Amino acid sequence: MKHSIHLLSFLFIILTPNSFAEPLNYNLYHISTTATAEVNNDIMQVTLQASHQSPQAETANIKVNEQMTSALNMLQKTQKIKYQTTHYQTRPIYKDQQIIAWKTFQQLKLESADFPRLTKIIGKLQTELNITAIEFKVSPSLMQRTQNQLSIDALNQFKQQAELIQENMGASKYQIVTVNINTGNQYLTHPRPMMKAEMASSTPAIKSGSSAINVEASGQIQLMFN
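Before going into details, it helps to say that this report is about the structure given with it. Bear in mind that the values here come from a model prediction, so they are computed numbers and not experimental data.

1. A word on the overall build of the protein chain
Counting its regular elements, the protein chain contains five helices and eight strands. Traced from its N-terminal end to its C-terminal end, the protein chain shows the element sequence α-β-β-α-β-β-α-β-α-β-β-α-β. By residue count, 31% of the 226 residues in the protein chain fall in the buried class. The contacts in the protein chain between residues at least 6 apart in sequence include a share of 81% that link residues at least 24 apart. Accessible surface, the protein chain: about 14,700 Å² in total, of which carbon and sulfur atoms supply 53%.

Encoded structure:
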(Lines give C-alpha, C1' and ligand atoms only; values in the text may rest on other atoms or scores of the structure.)
Protein backbone atom coordinates (compact mmCIF):
# COMPACT_ATOMS: atom_id res chain seq x y z
CA MET A 1 0.00 0.00 0.00
CA LYS A 2 2.83 2.37 0.81
CA HIS A 3 4.33 1.68 -2.55
CA SER A 4 1.08 2.73 -4.30
CA ILE A 5 0.82 5.93 -2.29
CA HIS A 6 4.37 6.97 -3.09
CA LEU A 7 3.85 6.27 -6.79
CA LEU A 8 0.75 8.45 -6.97
CA SER A 9 2.51 11.26 -5.15
CA PHE A 10 5.36 11.08 -7.62
CA LEU A 11 3.04 11.30 -10.58
CA PHE A 12 1.22 14.22 -9.03
CA ILE A 13 4.44 16.17 -8.56
CA ILE A 14 5.52 15.58 -12.17
CA LEU A 15 2.26 16.29 -13.93
CA THR A 16 0.92 19.27 -12.03
CA PRO A 17 3.56 21.88 -13.11
CA ASN A 18 3.22 20.89 -16.77
CA SER A 19 -0.45 21.73 -16.79
CA PHE A 20 0.47 25.38 -16.10
CA ALA A 21 3.74 25.61 -18.05
CA GLU A 22 2.35 26.77 -21.43
CA PRO A 23 -0.96 28.17 -22.62
CA LEU A 24 -2.89 26.04 -25.06
CA ASN A 25 -2.31 26.88 -28.73
CA TYR A 26 -5.72 27.70 -30.13
CA ASN A 27 -7.40 30.32 -32.34
CA LEU A 28 -4.16 30.78 -34.27
CA TYR A 29 -4.24 32.24 -37.79
CA HIS A 30 -1.36 32.51 -40.23
CA ILE A 31 -1.08 35.71 -42.28
CA SER A 32 1.18 36.45 -45.26
CA THR A 33 1.24 39.77 -47.13
CA THR A 34 3.48 41.12 -49.89
CA ALA A 35 4.24 44.71 -50.90
CA THR A 36 5.70 45.28 -54.38
CA ALA A 37 7.17 48.27 -56.18
CA GLU A 38 8.55 48.85 -59.68
CA VAL A 39 11.77 50.84 -59.43
CA ASN A 40 13.79 52.33 -62.26
CA ASN A 41 17.24 50.77 -62.57
CA ASP A 42 19.80 53.45 -61.77
CA ILE A 43 23.05 51.53 -62.30
CA MET A 44 24.41 50.54 -65.71
CA GLN A 45 26.98 47.75 -66.08
CA VAL A 46 28.90 47.03 -69.28
CA THR A 47 31.20 44.11 -70.06
CA LEU A 48 33.79 44.53 -72.82
CA GLN A 49 36.36 42.07 -74.07
CA ALA A 50 39.82 42.30 -75.57
CA SER A 51 40.83 39.33 -77.69
CA HIS A 52 43.53 38.36 -80.16
CA GLN A 53 44.54 35.17 -81.98
CA SER A 54 48.07 34.40 -83.09
CA PRO A 55 50.24 31.37 -83.94
CA GLN A 56 52.30 32.21 -80.84
CA ALA A 57 50.72 32.48 -77.37
CA GLU A 58 53.14 35.25 -76.40
CA THR A 59 52.07 37.40 -79.35
CA ALA A 60 48.38 36.95 -78.48
CA ASN A 61 49.10 37.90 -74.86
CA ILE A 62 51.07 41.00 -75.83
CA LYS A 63 48.33 42.25 -78.16
CA VAL A 64 45.58 41.80 -75.53
CA ASN A 65 47.75 43.47 -72.89
CA GLU A 66 48.24 46.44 -75.21
CA GLN A 67 44.49 46.72 -75.85
CA MET A 68 43.66 46.56 -72.18
CA THR A 69 46.40 48.98 -71.14
CA SER A 70 45.08 51.53 -73.64
CA ALA A 71 41.54 51.11 -72.27
CA LEU A 72 42.68 51.47 -68.64
CA ASN A 73 44.66 54.61 -69.43
CA MET A 74 41.54 56.14 -70.94
CA LEU A 75 39.41 55.16 -67.92
CA GLN A 76 41.91 56.65 -65.46
CA LYS A 77 41.05 60.06 -66.88
CA THR A 78 37.30 59.52 -66.48
CA GLN A 79 35.36 60.19 -63.27
CA LYS A 80 32.22 58.53 -61.87
CA ILE A 81 32.92 55.18 -63.50
CA LYS A 82 33.97 52.06 -61.60
CA TYR A 83 35.96 49.49 -63.54
CA GLN A 84 37.87 46.25 -63.12
CA THR A 85 39.54 43.64 -65.32
CA THR A 86 38.46 39.98 -65.10
CA HIS A 87 38.72 36.58 -66.81
CA TYR A 88 42.17 36.65 -68.38
CA GLN A 89 42.61 33.45 -70.40
CA THR A 90 44.84 32.03 -73.11
CA ARG A 91 43.70 28.85 -74.84
CA PRO A 92 44.92 26.76 -77.79
CA ILE A 93 43.11 26.50 -81.11
CA TYR A 94 43.15 22.99 -82.53
CA LYS A 95 42.89 21.56 -86.05
CA ASP A 96 43.28 17.85 -86.71
CA GLN A 97 44.29 17.42 -83.06
CA GLN A 98 47.18 19.83 -83.53
CA ILE A 99 47.60 23.29 -82.01
CA ILE A 100 47.55 25.78 -84.87
CA ALA A 101 47.12 29.03 -82.88
CA TRP A 102 46.52 30.61 -79.51
CA LYS A 103 43.71 32.94 -78.50
CA THR A 104 43.86 35.28 -75.53
CA PHE A 105 40.86 36.97 -73.87
CA GLN A 106 40.42 39.50 -71.11
CA GLN A 107 37.24 41.19 -69.90
CA LEU A 108 36.74 44.71 -68.62
CA LYS A 109 33.68 45.51 -66.51
CA LEU A 110 32.40 49.06 -66.12
CA GLU A 111 29.71 50.39 -63.78
CA SER A 112 28.19 53.84 -63.38
CA ALA A 113 25.04 55.74 -62.47
CA ASP A 114 25.94 58.33 -65.11
CA PHE A 115 24.48 56.66 -68.22
CA PRO A 116 25.50 59.36 -70.76
CA ARG A 117 29.09 59.42 -69.48
CA LEU A 118 29.36 55.62 -69.55
CA THR A 119 27.76 55.37 -72.98
CA LYS A 120 30.24 57.90 -74.34
CA ILE A 121 33.29 56.12 -72.93
CA ILE A 122 32.26 52.69 -74.20
CA GLY A 123 31.86 54.24 -77.65
CA LYS A 124 35.52 55.20 -77.49
CA LEU A 125 36.60 51.85 -76.02
CA GLN A 126 35.01 49.98 -78.92
CA THR A 127 37.91 50.94 -81.13
CA GLU A 128 39.94 48.30 -79.25
CA LEU A 129 37.37 46.20 -77.36
CA ASN A 130 34.07 44.49 -78.10
CA ILE A 131 30.94 44.84 -75.95
CA THR A 132 29.68 41.44 -74.81
CA ALA A 133 26.85 42.48 -72.45
CA ILE A 134 24.97 45.44 -71.00
CA GLU A 135 22.82 45.10 -67.89
CA PHE A 136 21.06 47.37 -65.42
CA LYS A 137 20.35 47.08 -61.72
CA VAL A 138 19.09 48.98 -58.68
CA SER A 139 21.74 50.70 -56.57
CA PRO A 140 22.13 49.63 -52.90
CA SER A 141 20.94 53.01 -51.59
CA LEU A 142 17.78 53.01 -53.71
CA MET A 143 17.20 49.35 -52.85
CA GLN A 144 17.39 50.12 -49.12
CA ARG A 145 15.02 53.09 -49.31
CA THR A 146 12.53 51.07 -51.33
CA GLN A 147 12.69 48.09 -48.98
CA ASN A 148 12.17 50.32 -45.95
CA GLN A 149 8.98 51.75 -47.43
CA LEU A 150 7.77 48.35 -48.60
CA SER A 151 8.34 46.92 -45.13
CA ILE A 152 5.98 49.56 -43.71
CA ASP A 153 3.43 48.77 -46.42
CA ALA A 154 3.66 45.01 -45.82
CA LEU A 155 3.22 45.47 -42.05
CA ASN A 156 0.20 47.73 -42.57
CA GLN A 157 -1.32 45.05 -44.79
CA PHE A 158 -0.56 42.48 -42.09
CA LYS A 159 -2.45 44.54 -39.50
CA GLN A 160 -5.36 45.05 -41.87
CA GLN A 161 -5.60 41.30 -42.43
CA ALA A 162 -5.45 40.68 -38.70
CA GLU A 163 -8.28 43.16 -38.04
CA LEU A 164 -10.33 41.60 -40.84
CA ILE A 165 -9.95 38.13 -39.32
CA GLN A 166 -10.75 39.44 -35.85
CA GLU A 167 -13.92 41.14 -37.05
CA ASN A 168 -15.05 38.22 -39.19
CA MET A 169 -14.54 35.67 -36.41
CA GLY A 170 -16.23 37.82 -33.78
CA ALA A 171 -13.18 38.09 -31.53
CA SER A 172 -12.81 40.90 -29.02
CA LYS A 173 -9.15 41.46 -29.88
CA TYR A 174 -6.07 39.79 -31.28
CA GLN A 175 -2.42 39.58 -30.38
CA ILE A 176 0.55 39.05 -32.67
CA VAL A 177 2.36 35.80 -31.91
CA THR A 178 5.11 36.07 -34.54
CA VAL A 179 5.87 38.30 -37.49
CA ASN A 180 8.79 38.09 -39.94
CA ILE A 181 9.93 40.54 -42.59
CA ASN A 182 11.60 39.05 -45.66
CA THR A 183 13.32 41.46 -48.02
CA GLY A 184 15.64 39.00 -49.69
CA ASN A 185 16.58 41.34 -52.60
CA GLN A 186 13.81 39.80 -54.67
CA TYR A 187 14.36 41.47 -58.00
CA LEU A 188 15.70 40.39 -61.37
CA THR A 189 18.25 41.90 -63.70
CA HIS A 190 19.39 40.08 -66.82
CA PRO A 191 22.53 40.61 -68.90
CA ARG A 192 21.62 41.89 -72.34
CA PRO A 193 23.69 40.26 -75.10
CA MET A 194 24.69 42.66 -77.84
CA MET A 195 23.68 42.13 -81.46
CA LYS A 196 26.33 42.38 -84.18
CA ALA A 197 25.00 45.71 -85.41
CA GLU A 198 25.18 47.14 -81.90
CA MET A 199 28.70 45.82 -81.40
CA ALA A 200 29.82 47.78 -84.42
CA SER A 201 28.13 50.97 -83.24
CA SER A 202 30.19 53.52 -81.33
CA THR A 203 27.19 54.57 -79.22
CA PRO A 204 24.80 51.64 -78.59
CA ALA A 205 21.17 52.49 -77.80
CA ILE A 206 20.25 51.80 -74.16
CA LYS A 207 17.10 51.51 -72.08
CA SER A 208 17.53 50.93 -68.36
CA GLY A 209 14.06 49.53 -67.63
CA SER A 210 12.85 48.76 -64.11
CA SER A 211 13.00 46.05 -61.46
CA ALA A 212 10.26 44.59 -59.27
CA ILE A 213 11.16 44.64 -55.57
CA ASN A 214 9.13 42.60 -53.07
CA VAL A 215 8.93 42.60 -49.29
CA GLU A 216 6.92 39.94 -47.48
CA ALA A 217 5.48 40.08 -43.96
CA SER A 218 4.35 36.74 -42.54
CA GLY A 219 3.44 35.46 -39.11
CA GLN A 220 0.70 34.33 -36.74
CA ILE A 221 -1.96 36.03 -34.67
CA GLN A 222 -4.10 34.64 -31.88
CA LEU A 223 -7.70 35.71 -31.46
CA MET A 224 -8.98 36.48 -27.99
CA PHE A 225 -12.62 35.97 -27.00
CA ASN A 226 -14.11 37.46 -23.81
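2. Thoughts on the nonpolar core
Formed by 20 residues in total, the largest nonpolar core has its most connected members in L110 and I122. When contributions to this core are tallied by element, the ones reaching two or more residues are β2 (43-54), α2 (57-76), β4 (98-112), α3 (115-125) and β5 (130-137). In terms of residue count, the dominant contributor to this core is α3 (five residues).

3. Quick look at α2
Spanning 20 residues, α2 covers 28 Å between terminal C-alpha atoms, matching the ideal 28 Å at 1.5 Å per step. Where α2 is buried, its residues meet β2, β3 (82-95), β4 and α3.

4. Focus: a nonpolar patch on the surface
Together, L155, I176, V179 and I181 make up a nonpolar patch on the protein surface, roughly 290 Å² of accessible area in all. Of the residues forming the nonpolar patch, the biggest block, three residues, is contributed by strand β6 (residues 173-186). Turning to its location among the elements, I176 is positioned in strand β6. Overall, the relative accessible area of 44% leaves I176 in the partly exposed class.

5. Topic: the side chain of S151
Looking at where S151 falls in the secondary structure, it is placed in helix α4 (residues 140-169). You can call S151 buried: its relative accessible area is 15%.

6. Observations concerning the environment of V215
With respect to the secondary-structure elements, V215 resides in strand β8 (residues 210-224). Each C-alpha atom of the pair V215 and D153 lies 8.8 Å from the other, and the pair is 62 residues apart in sequence. Setting aside anything within four residues of it in sequence, one finds V215 in contact with T33, T34, A35, Q147, L150, S151, A154, I181, N182 and T183.

7. Quick look at the pattern of salt bridges
A side chain of one charge can pair with a side chain of the opposite charge if their charged atoms are brought near each other. Enumeration according to the criterion identifies two salt bridges in this entry. With its nearest N and O atoms 3.5 Å apart, the salt bridge here joins K137 to E111. A residue pair is termed long-range when its members are at least 10 positions apart, and K137 in strand β5 and E111 in strand β4 qualify at 26 residues. On the accessibility criterion, K137 (23% relative accessible area) is partly exposed. Two residues, R117 and D114, come together in a salt bridge whose shortest N-O distance is 3.1 Å.

8. Here's the deal with unusual backbone geometry
At N27, a position not held by glycine, the phi torsion is positive, near 55 degrees. Since its relative accessible area comes to 28%, N27 is described here as partly exposed. The phi dihedral of K80 is positive, around 65 degrees, even though this residue is not glycine. Mapping K80 onto the fold places it in the loop between α2 and β3. On the accessibility criterion, K80 (60% relative accessible area) is exposed.

9. Quick notes on the side chain of S211
As for its placement among the helices and strands, S211 is situated in strand β8. For S211, a relative accessible area of 1% translates into the label buried. One polar contact links S211 to N41, side chain to side chain, over a distance of 2.6 Å.

10. A look at the packing of α2 against α3
Where α2 meets α3, the axes come as close as 11 Å, and the angle between the chain directions of the two elements is 150 degrees. It follows that α2 is roughly antiparallel to α3 by the angle criterion. Between α2 and α3 lies a crossing whose hand is right-handed. In this structure, α2 uses A71, M74 and L75 to contact α3, whose residues at the interface are I121, K124 and L125. Across the contact of α2 with α3, the residue classes tally to five nonpolar, no polar and one charged.

Quick notes on the rules
- Residues numbered from 1 in each chain as written.
- Predicted model: local features only at pLDDT ≥ 70, side-chain atom pairs only at ≥ 80, totals over all residues.
- Heavy atoms only, no water.
- Helix = DSSP H or I, 4+ residues; strand = E, 2+ residues; numbered from the N terminus.
- Buried < 20%, exposed > 50% of the residue type's maximum accessible area, 1.4 Å probe, protein only.
- Contact = heavy atoms within 4.5 Å.
- Areas by Shrake-Rupley, 256 points an atom, 1.4 Å probe, with all protein chains shown as cover.
- Core = buried A, V, L, I, M, F, W, Y, C linked by side-chain atoms within 4.5 Å.
- Expected span 1.5 Å × (residues − 1).
- Patch = residues over 30% accessible without salt bridge, like charges linked within 9 Å, V, L, I, M, F, W, Y side chains within 5 Å.
- Salt bridge = Lys/Arg side-chain N within 4 Å of Asp/Glu carboxyl O.
- Polar contact = N/O pair within 3.5 Å; in protein donor to acceptor, adjacent residues only side chain to side chain.
- Axes fitted to C-alpha atoms, helices over the stretch in contact; angles between N-to-C directions.
- Parallel < 35°, antiparallel > 145°, perpendicular 65-115°, else oblique.
- Left-handed = near helix turned anticlockwise from the far one by under 90°.
- Nonpolar A, V, L, I, M, F, W, Y, C, P; charged D, E, K, R; others polar.

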